[in-house]
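# Per-entry structural report
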Amino acid sequence: MRECGMLLPISSLPSPYGIGAFSKEAYEFVDTLRSAGQKYWQILPLGPTGYGDSPYQSFSAFAGNPYFIDLTALIEAGLLTEEECMAADFGGSKRYISYDKMYLHRFPLLRKAFERWLEQVGEQKAEEIFKSSLLPETDDYCFYMAVKNHFENKPWTEWEEDIKLRRPQAMEQYRRELKQEIMFYQFQQYQFQEQWDGLKKYANERGVKIIGDIPIYVAFDGADAWAHPELFQFDEENLPVAVAGCPPDGFSATGQLWGNPLYRWDYHQQTGYAWWLKRMEYSFRLYDVVRVDHFRGFDEYYSIPYGNKTAEHGKWEKGPGIQIFKRMEEHFGTHDLPIIAEDLGFLTPSVLKLVADTGFPGMKVLEFAFDSREDSDYLPHNYPKNCVVYTGTHDNDTIRGWFDKMPEPDRQMALEYVNGRHEGPWVHWDFIRLALASVANLAVIPVQDYIGFGSEARINEPSTLGDNWKWRLQKGELTDEICQKARRMARLYGRF
């Protein structure tokens, strides 16, 4: 079946309180997708973000970002007032998120809402609600965040040794002393879950499916690493033996040092991949389709000795391969798991074989296609049907920004390939048309490319800090005219 969708992070939605949320604007975007003939909404990871604001460095693989909780819904529930929300300083820009202001001013509002809610329902009823609605792993996150706040937001490796190593007496003591703080984080997760479930249900009832995104790795400074050190390559002090990254290449002479803990795949195998099954269960609850980031790490992963300042001296190690996906098929009772494999970058024959053996669709990105010196697997005439084509992803420039910066030989090749003529003001539509016309079963186009925005609308530039994850759509920019053109093109190319 030929289908299409749009890519827009939750954080990039318009809303009155500084960041996109599960607000009426999110429901309106679902209606917009439907009117534009789209069947999918692709978003970025929904986990709570930490330093650097990256959704790929979350404090937990089993928790949601409290920034996405709709404050208007809390006003309607009588837990906040409009005056309180309007008085908070979320930054002066409607275009770009101010994460420092978000951190300083949203949590006090959520705390007020929690205290009023607790007065309404009582502590015993609150505990019953949390116990019945939150996963044990989500509770790990709530406990972790309460202790982290107690230690002035230091990473868990700098906590006092008894709680750092989760000794039973310390666990009991901190759970008792920090009970209210733990419940505050449980309240956030309860609200997140209720609101997201409502939005996803609304989308599904209108024929729109959600493509979610999970990073292969978890953050070192996070609840997963603290609560389950046995899952990772840690020593007796629960410090990493090695960490994740990428080797040096044409883009970086010293490689990329991500710093995420690496999995003890032998332990995961012994447990029947129990943690990964829980993680996928949680992901399939959040999303209709799961895009697995850095899929090649299941075949081979790059291991860098802990303490190294660059990624130059790492080595490749074998991952679990097809075995983990066979276990998932057994567990979920299907050979047709709704997974997209992020298989971008340099791929070895063994990675290509793994993707083929799973049957998961891989990814094709048009911005990678036009190198005038050589043929490319990203050129549409080389696509298999079982793939997902993008003009660009959240890690790429917008198609307009990319096109404006292209070397001239590549630009001429691209122009000849898409339309055989000179560049016009609507060149972004030429690339959208190319993606939609391709044989790929699914085409996903970033909203910025439908509008024709330049580099100012880029979501993320890898290996940089400071200006990422901030861009927001403004109300009215995705016009009826654009949506009707998108709808006509979806119909024209059999994706309606």
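Right, let's walk through the structure included here. (Residues numbered from 1 in each chain as written. Predicted model: local features only at pLDDT ≥ 70, side-chain atom pairs only at ≥ 80, totals over all residues. Heavy atoms only, no water.)

The next point concerns the packing of helix H12 (residues 274-286) against helix H13 (residues 322-332). Two elements in contact, H12 and H13, have axes separated by 11 Å at closest approach and are oriented at 60 degrees. The angle between H12 and H13 places the two elements in the oblique class. The handedness of the crossing between H12 and H13 is right-handed. Here Trp 276, Leu 277, Met 280, Glu 281 and Phe 284 of H12 come into contact with H13, specifically with Ile 324, Arg 327, Met 328, His 331 and Phe 332. Considered class by class, the residues forming the contact of H12 with H13 number seven nonpolar, one polar and two charged. (Axes fitted to C-alpha atoms, helices over the stretch in contact; angles between N-to-C directions. Helix = DSSP H or I, 4+ residues; strand = E, 2+ residues; numbered from the N terminus. Parallel < 35°, antiparallel > 145°, perpendicular 65-115°, else oblique. Left-handed = near helix turned anticlockwise from the far one by under 90°. Contact = heavy atoms within 4.5 Å. Nonpolar A, V, L, I, M, F, W, Y, C, P; charged D, E, K, R; others polar.)

Bringing the packing of aromatic side chains into the picture now. Evaluated as defined, the whole model comprises 58 aromatic pairs. Relative to Trp 276, the ring of Trp 265 has its centre 6.2 Å away and its plane inclined at 20 degrees; by these criteria the two rings are stacked. Residue Trp 265 is found in helix H11 (residues 265-270), and its partner Trp 276 is found in helix H12; the two are separated by 11 residues along the sequence. Since its relative accessible area comes to 9%, Trp 265 is described here as buried. Lying across the ring of Trp 226, Arg 166 places its NZ or CZ 4.4 Å from the centre. Looking at Arg 206, its charged tip hangs above the ring of Tyr 202, at a distance of 3.5 Å from the centre. (Phe/Tyr/Trp six-rings, centres within 6.5 Å; stacked < 30°, edge-to-face > 60°. Buried < 20%, exposed > 50% of the residue type's maximum accessible area, 1.4 Å probe, protein only. Lys NZ or Arg CZ within 6 Å of the ring centre and 35° of its normal.)

Mapping Thr 358 onto the fold places it in helix H14 (residues 349-358). What makes Thr 358 buried here is its relative accessible area of 7%. At 2.7 Å, the side chain of Thr 358 and the backbone oxygen of Val 355 are in polar contact. Sequence-distant contacts of Thr 358, defined by excluding residues within four places in its chain, comprise Phe 295, Ile 322 and Phe 325. (Polar contact = N/O pair within 3.5 Å; in protein donor to acceptor, adjacent residues only side chain to side chain.)

Counting 167 residues, the largest nonpolar core has Trp 41, Ile 163, Trp 196, Trp 276, Phe 298, Phe 431 and Tyr 450 as its most contacted members. Broken down by element, the residue count for this core peaks at 11 residues, all from helix H9 (residues 179-205). With residues up to four places along the chain from it excluded, the contact list for Phe 431 reads Leu 366, Phe 370, Thr 391, Ile 399, Trp 402, Phe 403, Ala 414 and Val 418. (Core = buried A, V, L, I, M, F, W, Y, C linked by side-chain atoms within 4.5 Å.)

Another point: the state of the cysteines. Throughout the structure, instances matching the rule amount to zero disulfides. Cys 4 carries a free sulfur, and the closest cysteine sulfur to it, the one in Cys 483, is 12 Å from it. With relative accessibility at 0%, the residue Cys 4 sits in the buried group. (Disulfide = S-S within 2.5 Å.)

Coordinates in, geometry out; function isn't part of it.
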